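Structural overview for review
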Amino acid sequence: MSTATTMRVIEISAPGGPEVLRLVERARPRPGAGEVLIEVHAAGVNRPDLAQRAGTYPPPPGASDLPGLEVAGRIVALGQGVAGWQIGAAVCALCNGGGYAGYVSVPAGQCLPLPHGFSMVEGAAVPETFFTVWSNLFMRGRLAAGETLLVHGGASGIGTTAIQLAHALGAVVYATAGDAQKCSACERLGAHRCFDYRKEDFVAGLLAATADRGADVILDMIGGDYLPRNLAALAMDGRLVQIATQRGREAQLDLALLMRKRVMLTGSTLRPQSTAAKAAIARDLHARAWPLLESGRVRPVIQQVLPFAAAAEAHRQLEAGAHVGKFVLALAATAAHPLSPE
Ligand SMILES: NC(=O)c1ccc[n+]([C@@H]2O[C@H](COP(=O)([O-])OP(=O)(O)OC[C@H]3O[C@@H](n4cnc5c(N)ncnc54)[C@H](OP(=O)(O)O)[C@@H]3O)[C@@H](O)[C@H]2O)c1
């Protein structure tokens, strides 16, 4: 049972499979200068959490050793020098780690107000994918209205966010996914067409669908042998934005084709970026994406809500890969902010 100075957390007892996740008691963190302390009501689960649990994605220096990159909850304490937030405010936040816990300290600039009309569970499903997609697709990839986007892994947490945001902002979106059901889900979210990559060649499909023009931007979480295929699927002056390397970090690149198509190759990882860089993404998201969330044009897609103590089960299911969208862990509910998304 938690006391006033302790909290329940899910810790990684040793690198390994989902069974290494343990529910234990730890001391509550205190907010440092520029940080707020959040009482966590719900925590999002992301693929990078699986890599951290397996020991292949260690937390950056200074970050909590606990997993968890996003939460929703209430601010219960302000660190030195924090302006603009009040105790009691309902927020969702991008964490540097430590989100699988009753309380987490987060830099104030990485918090955003819980979108109007959102439950805590819905709020917890937003930060990691929205920060990642916004910074890569729009800030880095400069996707504009009227342009064509190809999203690989369209049914993932990242993919469902990218499809909806790009569609809402006027891009023509194509996606890839691993079965017919996932492809239908992507099309319901706004993809013009989703290619089942196990059955059809996405390069041929995209070129046929765009009169041989290709995509202005490709958001890729696959890597490896997708690099030459992505290059073939890009339009002139296209941008390839790499955010993960599920099929390998090394690949062959035809530099002559890159020059001929004037392609820009970029990418990023979110977690190691500075507090200032994350706060700049948060400001942009608040101005451009929050109105879409609050009007209901874009919603986080939630596959399942599990109790906090079932974090290992959430990891098992995310690893199994049959989902569309996100898994969220529920910690506590209040009358004003119920946990369930309905
Ligand atoms: N760079 C960053 O800052 C950053 C931040 C967050 C996440 N990420 C990365 O983004 C990816 C998605 O994260 P998530 O949390 O949304 O995880 P997730 O829901 O588990 O998504 C992984 C997706 O990869 C898809 N996939 C695997 N092989 C594929 C292939 N050959 N073609 C098309 N899709 C394929 C799977 O789709 P199917 O089942 O349909 O095959 C699945 O939907 C992860 O690799 C994660 O590490 C990067």
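Residues numbered from 1 in each chain as written. Predicted model: local features only at pLDDT ≥ 70, side-chain atom pairs only at ≥ 80, totals over all residues. Heavy atoms only, no water.

1. Some details on the overall build of the chain
Tallying secondary structure elements over the chain gives 11 helices and 15 strands in all. The C-alpha atoms of the chain give a radius of gyration of 20 Å, which matches the 20 Å a tight globule of 342 residues would have. Principal axes of the C-alpha set define a box for the chain whose edges measure 65 × 40 × 35 Å. Burial analysis of the chain (342 residues in total) assigns 55% to the buried set. Taking the contacts inside the chain whose residues are at least 6 apart along the sequence as the reference set, 67% of them involve residues at least 24 apart. Carbon and sulfur atoms make up 54% of the accessible area of the chain, which totals about 14,200 Å². (Helix = DSSP H or I, 4+ residues; strand = E, 2+ residues; numbered from the N terminus. Rg over C-alpha atoms; globule rule 2.2 N^0.38 Å. Buried < 20%, exposed > 50% of the residue type's maximum accessible area, 1.4 Å probe, protein only. Contact = heavy atoms within 4.5 Å. Areas by Shrake-Rupley, 256 points an atom, 1.4 Å probe, with all protein chains shown as cover.)

2. A word on the domain arrangement of the chain
What the domain assignment reports for the chain is domain 1 (6-126 + 271-330) and domain 2 (130-267). Taken together, the contact pairs 24 residues of domain 1 with 17 residues of domain 2. Summing both partners gives a buried area of about 1,800 Å² for domain 1 against domain 2, and 71% of it is carried by carbon and sulfur. For the interface between domain 1 and domain 2, the tally reads 0 salt bridges. The tally of links between domain 1 and domain 2 comes to 6 residue pairs in polar contact (both at pLDDT 80 or more). Counting residues per element, the side of domain 1 that touches domain 2 draws most heavily on helix α9 (residues 275-288), at 6 residues. In the side of domain 1 that touches domain 2, the residues fall into 13 nonpolar, 4 polar and 7 charged. (Domains from an automatic or database assignment. Buried area = accessible area lost by both parts, 1.4 Å probe. Salt bridge = Lys/Arg side-chain N within 4 Å of Asp/Glu carboxyl O. Polar contact = N/O pair within 3.5 Å; in protein donor to acceptor, adjacent residues only side chain to side chain. Nonpolar A, V, L, I, M, F, W, Y, C, P; charged D, E, K, R; others polar.)

3. Remarks on the environment of leucine 329
Within the fold, leucine 329 resides in strand β15 (residues 326-330). Using a relative accessible area of 0% as the deciding quantity, one classes leucine 329 as buried. Put simply, leucine 329 and leucine 231 are 98 residues apart on the chain and 38 Å apart in space, counted from C-alpha to C-alpha. Filtering out sequence-adjacent residues up to four positions away, leucine 329 remains in contact with His41, Ala42, Ala43, Val45, Tyr100, Leu306, Pro307, Phe308, Ala310, Ala311 and Ala314.

4. Let's talk about helix α4 (residues 157-168)
The end-to-end C-alpha distance of α4 is 17 Å, a good match for the 16 Å that 12 residues give at a rise of 1.5 Å each. Of all the 12 residues making up α4, 11 are buried; the element is thus mostly covered by neighbouring parts of the structure. Listing the buried residues of α4 in full gives Gly157, Ile158, Gly159, Thr160, Thr161, Ala162, Ile163, Gln164, Leu165, Ala166 and Ala168. Backbone geometry just after α4 places glycine 170 at a positive phi near 95°. (Expected span 1.5 Å × (residues − 1).)

5. Re a nonpolar patch on the surface
A surface patch of nonpolar side chains, about 260 Å² in accessible area, is lined by Leu253, Leu255 and Leu265. As for its position among the elements, leucine 265 is in strand β13 (residues 264-267). A relative accessible area of 43% places leucine 265 in the partly exposed class. (Patch = residues over 30% accessible without salt bridge, like charges linked within 9 Å, V, L, I, M, F, W, Y side chains within 5 Å.)

6. Regarding the site of the ligand
In the neighbourhood of the ligand, 28 residues make up the surrounding shell, with Arg47, Gly178, Lys182, Tyr197 and His323 lying closest. With respect to the ligand, the backbone of glycine 153 contributes an N or O atom lying 3.4 Å from a nitrogen atom. Within the complex, the protein chains bury 90% of what would otherwise be the 900 Å² of accessible surface of the ligand. When residues of the shell around the ligand are traced back to their parent elements, those giving at least two are α1 (47-54), α3 (127-140), α4 and β9 (172-177). Across the shell around the ligand, the residue classes tally to 11 nonpolar, 12 polar and 5 charged. No fewer than three residues from each of domain 1 (6-126 + 271-330) and domain 2 (130-267) sit in the shell around the ligand. (Near = heavy atom within 4 Å.)

7. Things to note about unusual backbone geometry
Positive phi values are uncommon outside glycine, yet arginine 142 reaches one of about 50°. Its place among the elements puts arginine 142 in the loop between α3 and β8 (148-151). Residue classification places arginine 142 among the exposed residues on the basis of a relative accessible area of 60%. Its identity as a non-glycine residue notwithstanding, aspartate 237 has a phi of 60°, on the positive side. In this fold, aspartate 237 is placed in strand β12 (residues 234-242).

8. Let's talk about the packing of α1 against helix α11 (residues 311-320)
One way to put it is that α1 packs onto α11 with a least axis distance of 10 Å and a crossing angle of 110°. The angle between α1 and α11 places the two elements in the roughly perpendicular class. α1 and α11 meet at a crossing whose hand is left-handed. Counting all contacts with α1, which are made through Arg47, Asp49, Leu50 and Arg53, the residues of α11 involved are His315, Leu318 and Glu319. Partitioned by chemical class, the residues of the contact of α1 with α11 number 2 nonpolar, 1 polar and 4 charged. (Axes fitted to C-alpha atoms, helices over the stretch in contact; angles between N-to-C directions. Parallel < 35°, antiparallel > 145°, perpendicular 65-115°, else oblique. Left-handed = near helix turned anticlockwise from the far one by under 90°.)

9. A word on the pattern of salt bridges
This structure, assessed with the given rule, holds 12 salt bridges. Residue glutamate 70 is joined to lysine 326 by a salt bridge in which the shortest nitrogen-to-oxygen separation is 2.5 Å. One end of the pair, glutamate 70, is in strand β4 (residues 70-78); the other, lysine 326, is in strand β15, with 256 residues separating them in the sequence. For lysine 326, a relative accessible area of 4% puts it in the buried group. Note that arginine 213 and aspartate 216 form a salt bridge whose closest N and O atoms lie 2.8 Å from each other.

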